[in-house]
Amino acid sequence: MANYRVLDPTGSVVATKEIPNSTDAHSWFKESKSDDAELGWRLEVEHDGEWAFFSDSEGTPEGGK
């Protein structure tokens, strides 16, 4: 399992969750955003104590699909 977190467009962490795989994490990311049309939301994964980019809502009308 890995820790994932959702950041809003201002960079604030809005949710953190331990999830077993990347497919479930991406689904959780899409459900966690309060405004699906707003760009700039990010999903990060924790690796060796550091947070790294995983996905975002930039450039896609579906909000990160």
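Residues numbered from 1 in each chain as written. Predicted model: local features only at pLDDT ≥ 70, side-chain atom pairs only at ≥ 80, totals over all residues. Heavy atoms only, no water.

Looking now at the overall build of the protein chain. Counting its regular elements, the protein chain contains one helix and four strands. In sequence order, the protein chain lays out its α and β elements as β-β-α-β-β. Evaluated residue by residue, the protein chain yields a buried proportion of 31% over its 65 residues. Of the contacts formed within the protein chain by residues at least 6 apart in sequence, a portion of 41% connects residues at least 24 apart. (Helix = DSSP H or I, 4+ residues; strand = E, 2+ residues; numbered from the N terminus. Buried < 20%, exposed > 50% of the residue type's maximum accessible area, 1.4 Å probe, protein only. Contact = heavy atoms within 4.5 Å.)

Attention now goes to the sheet that holds strand β4 (residues 50–56). Across the sheet, four strands lie side by side as β2-β1-β3-β4; this open sheet has antiparallel pairing. Pairing within the sheet leaves two strands with one partner each, and these edge strands are β2 (13–19) and β4. Mean inter-strand twist for the sheet, computed between neighbouring axes without regard to direction, equals 25°. In the sheet, strand β1 (residues 2–7) pairs with β2 via six bridges, with the strands oriented antiparallel. In the sheet register, Tyr-4 faces β2, and the bridge partner there is Lys-17. (Pairing = 2+ DSSP bridges. Axes fitted to C-alpha atoms, helices over the stretch in contact; angles between N-to-C directions.)

Bringing unusual backbone geometry into the picture now. The phi dihedral of Asp-48 falls on the positive side, at around 55°, and the residue is not glycine. By relative accessible area, Asp-48 is classed as exposed at 70%.

Attention shifts here to the confidence of the model for the protein chain. Low pLDDT means the predicted coordinates in that region are not meant to be read closely. For the protein chain, per-residue confidence averages 84 on the pLDDT scale, and 82% of positions sit at 70 or higher. Low pLDDT, under 50, characterises residues 59–65; the stretch is placed with 15 contacts to residues that sit more than four places away or in other chains. (pLDDT = per-residue confidence, 0-100.)

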